[in-house]
Each structure stands twice: as C-alpha cells, then as structure tokens.
Number of protein chains: 2
Amino acid sequence: MNGKIEIEKISQIYLNKMSKKTKVGVIQLKITKNKEFNLKNSISKIKEAALKGAKIICMPELFLTEYFCKVENHSYFKIAEKVPGSTSDIFCKLAKELNIILIISLFEKKLSGIYYNTCITINNNGKIISKYRKMHIPDDPGYYEKFYFAPGDLGFKNVKTKFGDIGTLICWDQWFPEAARLTALKGSEIIFYPTAIGWHPKEKKKYGKSQLDSWITIQRSHAIANGVFVVAINRVGKEKKGKREIEFWGNSFVIDPNGNIISKLKSNKEGILVCDINLKKVESARQHWPFLRDRRIDAYKGLIKNQNND
Amino acid sequence: MNGKIEIEKISQIYLNKMSKKTKVGVIQLKITKNKEFNLKNSISKIKEAALKGAKIICMPELFLTEYFCKVENHSYFKIAEKVPGSTSDIFCKLAKELNIILIISLFEKKLSGIYYNTCITINNNGKIISKYRKMHIPDDPGYYEKFYFAPGDLGFKNVKTKFGDIGTLICWDQWFPEAARLTALKGSEIIFYPTAIGWHPKEKKKYGKSQLDSWITIQRSHAIANGVFVVAINRVGKEKKGKREIEFWGNSFVIDPNGNIISKLKSNKEGILVCDINLKKVESARQHWPFLRDRRIDAYKGLIKNQNND
C-alpha cells in the first residue's frame, strides 16, 4: 500500500469517527404475485435510494413474494432457496456496484425439512457479512409462520460495517424487549426490523388504530431502553389468498435513540425514505439516560425461564 | 365456621372469578416541607379514593417528604425508618379500616449504613403482605439516589390479594424491560410504579415534551410486551433545595394490557384517579398477542451479562 492511499485511508477513518454521520435507506414496497416484477421493482428502488445518498439500505421481510404465511400450503416450500444462492448473488453484486450496505430478507432452505426466515447483511464489497435467522416465530390467524420456519439457531447478532455497527431482527422479534436488548448489548447502534405486518380488514375499524399504535410504541421503547436507532421496514397493500386477506400497514420509520420518530412513511403507498442519522446520538443518549449502567444482572436469572413462581 | 358463612365465602370467590373486576386508586400528590401535613393530606385522599370504591390504592414514591435526593446531604438519613415501624403501622390500620389493599413507599433503615427505597403492600386485614426494595437505583443530576439507597436485595415480587395478583416496582425500575418482565412472569396482573419524576426547569422547554413522552411510552411498552395493567403514581409541583429545582410532572396513569391509556391525571395539580379495571383483559391480551408463548429462553443467557461481544 503506498503512502498516499494509507494517509487517505487514515483521514477517512478519522473523519468518520469525528462525524459518525450516515444515511439509512428504507424501501417500503407493494408486493405483487409476479416475482420477476418484485425483483426489478426492488432493484430500481434500491438504486434510487442509493442515488439519494443512502449508505445502509434495508428491504421489507420476504420482499420478493406475497406474504405466503397467510395460509398453510406445502406448495410454498418451493419458494425457499439456498443462502448464499442465486438471489443473494444478485443483491451482492448490486451492493458492490452501489457501494452500499444492503440488508435483505429471504426464505432460506437449509436442507429438506429445515427452513428459516432469514436476513442477510451484505457489505459494500458485495460480501455477506452477517446472517440472522428469525428467532421468534409467530403463529396467529393469517400469520402461520410456525408451519414454514424453524426458530432461528444463530442467536442475536451485531455486525461492524463501514457505516456503523448494525443488528437485524425480523418482524415478530419486535415485540420482544429481550431481542432488542441482546442486539444492543452485542454493540449495535442501529437495529433494523424487516417486517410484514398489517390489519385483518374485519378488525381494522375497531382495533386498527390501537394495533398500529402498539407496534410503533413497542419499537420506540426499544430505542429508549437501549439508546439505539430503530428502523422498521414494512410492506403495503392488500394481499388475498382464499378467504384470508391482510392489509399491510406500511408506516416504515426511523426512530432516534431517545425514542423520537425522525422519519416515517404512510400506511397506504410505496415509498423510499432516506434519512440522515448521527451515530453520536447513541453515546449521548446513553450518557443522559444511563440505563445500561444500572442493569441488575445479578437478579435477571428468571429471564431464562418461562415462569417464576417460587 | 358455620355453613352460611362458608356458602357466602364460596359464592364471593366464585363471583370474583367470574367478573375479575376491580378498581384501582391513584393518589397524585403535591408534597410540602411539612411531613405532618403530608401525612394528613395522604390519609384524607386515601379515604376519599376508598369512598369512591377504589380497592387497591397506591401512593407516589417517598410521599411523606419532599424529594430529598435532589441533593446529597447526610442529614436526610434521619428521615429513614424501620419497616414495619410507626409509619407503616398507621397505614396498616387505615387499610384495615377501609377494607382496601394499600401500597406505600418508604425510606427504609435496615441497619446503620444500609438504607433502602422500599415499597410495601398492605392487605385489607392491615397486614404487610409484600415488601419490595427498589432494584435499579438512579444517579443523575438532581436524582442522587445511589448516595442514599443500597440496591434492593429482595428481587422482583408478585403478591396475591383479594383483588388480583399485583407487583410493585419503583420509578427508575420503569426504564428496565427486565423488571416488568420478571414481575409479570411471577404472576402479576397489575404492576404499580410509585414514582418521583419531573423536569429540570432549564431543560423543560427544549426536552420536556420528549422526556414525558418517553416516560409514558416505555411504560406502555411494558403493558404491551407482558399483557399486564401498568399503573404509575407520580407527584406534582416544584420543589427546590439550594440551586437545585425539580418540577414533578404528575401525569399519573392507568394503562390496559394492550397499551392503551385508560385514565390519566394532569401534569400540574393534585388529583385522585379511581379506575375500573377488568383483570380478564390480561388473559385476553395474552391470547391475542401471544408473546409470552414465543420467548426464546434457550437464547437469553446474554441478558445476565452487561456486554455480549463474542
């Protein structure tokens, strides 16, 4: 390595440390029955976000197909694919081309009978630098994920990137303070939640507002409790299979380490959100709300049990 | 026991199980320099809440004195008292007289050099049925609690009462998802947070709204994550010692197990809140948002450490 490159490299590291500014990109998608279209639409939107300066871009959960977990149907296992595989190859190439960190969600086939809801982080050299498998798997009317996915076996993850320390969790994980805490304790400054969540049309009128509000609230609480940025990336639009319909509620957002929503998309249309964030706010939030300092690790053993009646 | 009393007792138990309805009472106080006045004011307000039908009444944190932790001053240790002791005796008598469950917060002297921020639950027979010592102790400008209180040594608690299973946590504990989770896993259907929190007058304009909002949000998140009722009981008014002033922000509230605020007091005056709650909502919330079912207790060991870098 020659002297000039070395000096440039050092100054870049120094400048990055001084500012700790980065830009996250959130791609909120309407997903169709046509996988080819979804792929092209995704690539085009990722390019658009990169053009707007986004350095870390994250896609919604299982963004290449309609949300098949609406029903239990064996035929959907054929969608699953190897990771790394042909789909991840496409996005690795793209991340390198655009010089971005790219987070994508895939239906992973590990071997016959073992499938995961998986999320990979690709760095700006086009290399997969982290793989996370959804740890908490829902089973609720219209969200029959326990039928398709084995619970993740890789634990909670942080990965260092050129643009900050980041962790990924997936959808249902967002209801578990344990998941956010463990990811933050691994060192993450930003937690990304690729998501597929929406209303049952019959429930929307009565419970819709409260459900959406709970979803935003629980994620703001992770930012507050841990002093981290939280980014949720959801899909939009109605998807129907037989009698089962879900209206995905969008509302993808970026939350700062004090729990303030700094940017948010709407509930009913596709959109790209490119948002400046300053990772120095993590340090500042944790100094001013020093919760991590006061955790009672001597008294938390009950958390690794399901009930604590003495 | 004669047959009639036995039958009445059984029908009462049956009726309680069927309805699971109860009424909580929240006493939001302005606390003065005059301890005698504070005591009389508290008793009078407890009686008023009981008259309105409250069955479980909770007082704010350290409600008999101004919030002395604004400064570090050895002379305040003389306020500390034995628990049980003369103050708890007064409230035990009152709880029996009014046939209520009463939760009060005290500065406890265990022995010379060991003091706790303690909360006791008294049943309707006037008996102390639970003692909780604040587990998470803050130390922040104006909240110098580490100077006064040893961290609690009794762990997280639930206690069965005639009117439901209840847990108590105290103020700073409210920022820790671990505390709410452990209390809920012990069986609590309602978690009470006696509290003393407010604004630094100099910060209020710039950060006041966001701070109050974070405080409400984190507690709503405990209700959502655990499917429990959450009740916070704060003081109001400005208290000053030397240059140090705090404006306590009131806003005492009751939150249902879906995270909805069902009743709330204002930020600037004393008040009593008597609120109907139906404990059946705990079961219903946990069936519809089945988070407890999906906890990954096999993967939570990192929670009993402070950092998790591999």
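Here goes a summary of the coordinates provided. Quick caveat, the model's predicted, so the values are computed rather than measured.

### Quick word on the overall build of chain A
On a plain count of helices and strands, chain A comes out with seven helices and 15 strands. Taking 2.2 N^0.38 as the reference for a compact globule, 310 residues should give roughly 19 Å; the C-alpha atoms of chain A span a radius of gyration of 19 Å, in line with that estimate. Principal-axis analysis of the C-alpha atoms gives chain A an extent of 65 × 55 × 40 Å. Residues classed as buried in chain A amount to 58% of the 310 residues present. Here the analysis covers contacts within chain A between residues at least 6 apart in sequence; of these, 68% occur between residues at least 24 apart. Of the roughly 13,200 Å² of accessible surface on chain A, 54% is carried by carbon and sulfur atoms.

### Considering the sheet that holds strand β7 (residues 164-168) of chain A
All names here are of chain A. One open sheet holds the six strands; their spatial order is β6-β7-β8-β10-β13-β14, and the pairing between them is mixed. Edge positions in the sheet fall to β6 (159-161) and β14 (261-264), since each has one partner strand and no second. Between one strand axis and the next, the sheet turns through 20° on average, direction left out of account. Bridge count for strand β10 (residues 229-233) against strand β13 (residues 253-255) is three bridges, and the pairing is antiparallel. Following the sheet pairing, Val231 is matched in β13 by Val254. On top of the sheet, helix α6 (residues 201-226) reaches β8 (190-194), β10, β13 and β14; it is set at about 35° to β13, its chief contact.

### Concerning the interface of chain B and chain A
Note on interface size: it is often stated as the accessible area lost on association of the parts. The interface is formed by 54 residues belonging to chain B together with 54 residues belonging to chain A. The contact between chain B and chain A buries some 5,100 Å² in all, and 58% of this surface belongs to carbon and sulfur atoms. A per-residue breakdown of the area chain B buries against chain A is headed by B:Arg296, B:Leu303 and B:Ile304, which together make up 12% of the total. The interface formed by chain B and chain A holds eight salt bridges in total. Residue A:Glu178 is joined to B:Arg295 by a salt bridge in which the shortest nitrogen-to-oxygen separation is 2.9 Å. Those elements giving two or more residues to the side of chain B that touches chain A turn out to be α5 (177-185) and α6 (201-226) of chain B. Looking at the side of chain B that touches chain A element by element, the count peaks at ten residues for α6(B). In terms of residue class, the side of chain B that touches chain A is built from 23 nonpolar, 16 polar and 15 charged.

### Here we look at the environment of A:Lys186
Residues and elements named next belong to chain A. Of note, Lys186 is situated in the loop between α5 (177-185) and β8. For Lys186, a relative accessible area of 18% gives the class buried. On a C-alpha basis, the gap between Lys186 and Lys157 in space is 6.7 Å, while along the polypeptide they are 29 residues apart.

### Description of the sheet that holds strand β8 (residues 190-194) of chain B
Pairing between the strands of a sheet comes from backbone hydrogen bonds, and it takes one of two forms, parallel or antiparallel. All names here are of chain B. Spatially, the six strands line up as an open sheet ordered β6-β7-β8-β10-β13-β14, and their pairing is mixed. Strands with a single pairing partner mark the edges of an open sheet, and in this sheet they are β6 (159-161) and β14 (261-264). Pairs of neighbouring strands in the sheet enclose a mean axial angle of 20°, with direction left out of account.

### Quick word on the relation of the copies chain B and chain A
Mapping chain B onto chain A leaves a residual RMSD of 0.0 Å; the transformation is a rotation of 180° accompanied by 0.0 Å of translation along its axis. The relationship between the two copies is best expressed as a two-fold rotation axis. Most of the interface of chain B is mirrored in chain A: 100% of its interface residues are interface residues there too.

### Considering the packing of α5(A) against α6(A)
All names here are of chain A. Contact geometry of α5 with α6 gives a least axis separation of 10 Å together with a crossing angle of 40°. Taken together, α5 and α6 sit at an angle that is classed as oblique. Relative to α6, α5 is oriented so that their crossing is right-handed. Residues Pro177, Ala180, Arg181 and Ala184 of α5 form the contact with α6, whose own contacting residues are His222, Ala225 and Asn226.

### Quick look at the packing of aromatic side chains
Counting across every chain of the model gives 50 aromatic pairs over all chains. Measuring from centroid to centroid gives 4.7 Å for A:Trp175 and B:Trp289, while their planes differ by 45°, and the two rings are tilted. Taken together, the residues A:Trp175 in the loop between β7 and α5 and B:Trp289 in the segment after α7 (280-288) connect one chain to another. Note on A:Trp175: relative accessible area 1%, which makes it buried. Considering the side-chain rings of B:Phe107 and B:Tyr148, the 6.4 Å spacing of their centres and the 90° angle between planes classify their relative orientation as edge-to-face. Taken as a pair, B:Phe107 in strand β3 (residues 101-111) and B:Tyr148 in helix α4 (residues 145-148) lie far apart in primary sequence, 41 residues in all. Like B:Phe107, the residue B:Tyr148 is buried in the burial classification. Through a chain of ring-to-ring contacts, three or more aromatic side chains come together here, namely A:Phe68, A:Tyr76, A:Phe77, A:Phe107, A:Tyr115, A:Phe147, A:Tyr148 and A:Phe149. Of note, A:Arg235 hangs over the ring of A:Phe248, and the distance from its end group to the ring centre comes to 5.3 Å.

### Side note on the pairing of strand β10 (residues 229-233) of chain B
Residues and elements named next belong to chain B. The element β10 is largely enclosed, with a buried count of five among its five residues. What you see with β10 is no split at all: Phe229, Val231 and Ile233 on one side and Val230 and Ala232 on the other are buried throughout. Pairing geometry for β8 and β10, over five bridges, is parallel. Following the sheet pairing, Ile190 is matched in β10 by Phe229.

### Some details on the nonpolar core
Counting residues in hydrophobic clusters, the biggest one holds 144 residues, and the most contacted among them are A:Ile190, A:Phe192, B:Ile190 and B:Phe192. When neighbours within four sequence positions are excluded, B:Phe192 is seen to be in contact with B:Val24, B:Ile56, B:Cys58, B:Ile103, B:Ile166, B:Gly167, B:Thr168, B:Leu169, B:Val231 and B:Ile233.

### Description of helix α2 (residues 35-51) of chain A
Residue and element names in this part refer to chain A. Relative to the 24 Å expected for 17 residues at 1.5 Å per residue, α2 spans 24 Å between its end C-alpha atoms, a close match to the ideal helical length. Among all positions of α2, only Asn38, Leu39, Asn41, Ser42, Lys45, Ile46, Ala49 and Ala50 are buried. Projection of α2 onto a plane perpendicular to its axis shows the buried side chains occupying an angular sector of 170°, all on one side. Residues of α2 that are exposed and point more than 90 degrees away from the buried face comprise Lys40 and Leu51. As for α2, its buried residues are in contact with β1 (21-30), β2 (56-58), α3 (86-98), β3 (101-111) and β15 (271-278). Its side-chain oxygen at 3.0 Å from the backbone nitrogen of Glu36, Asn34 defines the N-terminal cap of α2. Gly53 sits one or two residues past α2 and shows a positive phi near 100°.

Parameters at a glance
Residues numbered from 1 in each chain as written. Chains lettered and ligands numbered in written order. Predicted model: local features only at pLDDT ≥ 70, side-chain atom pairs only at ≥ 80, totals over all residues. Heavy atoms only, no water. Helix = DSSP H or I, 4+ residues; strand = E, 2+ residues; numbered from the N terminus. Rg over C-alpha atoms; globule rule 2.2 N^0.38 Å. Buried < 20%, exposed > 50% of the residue type's maximum accessible area, 1.4 Å probe, protein only. Contact = heavy atoms within 4.5 Å. Areas by Shrake-Rupley, 256 points an atom, 1.4 Å probe, with all protein chains shown as cover. Pairing = 2+ DSSP bridges. Axes fitted to C-alpha atoms, helices over the stretch in contact; angles between N-to-C directions. Buried area = accessible area lost by both parts, 1.4 Å probe. Salt bridge = Lys/Arg side-chain N within 4 Å of Asp/Glu carboxyl O. Nonpolar A, V, L, I, M, F, W, Y, C, P; charged D, E, K, R; others polar. Least-squares fit on C-alpha atoms with pLDDT ≥ 70 in both. Parallel < 35°, antiparallel > 145°, perpendicular 65-115°, else oblique. Left-handed = near helix turned anticlockwise from the far one by under 90°. Phe/Tyr/Trp six-rings, centres within 6.5 Å; stacked < 30°, edge-to-face > 60°. Lys NZ or Arg CZ within 6 Å of the ring centre and 35° of its normal. Core = buried A, V, L, I, M, F, W, Y, C linked by side-chain atoms within 4.5 Å. Expected span 1.5 Å × (residues − 1). Arc of directions from axis to C-beta. Polar contact = N/O pair within 3.5 Å; in protein donor to acceptor, adjacent residues only side chain to side chain.

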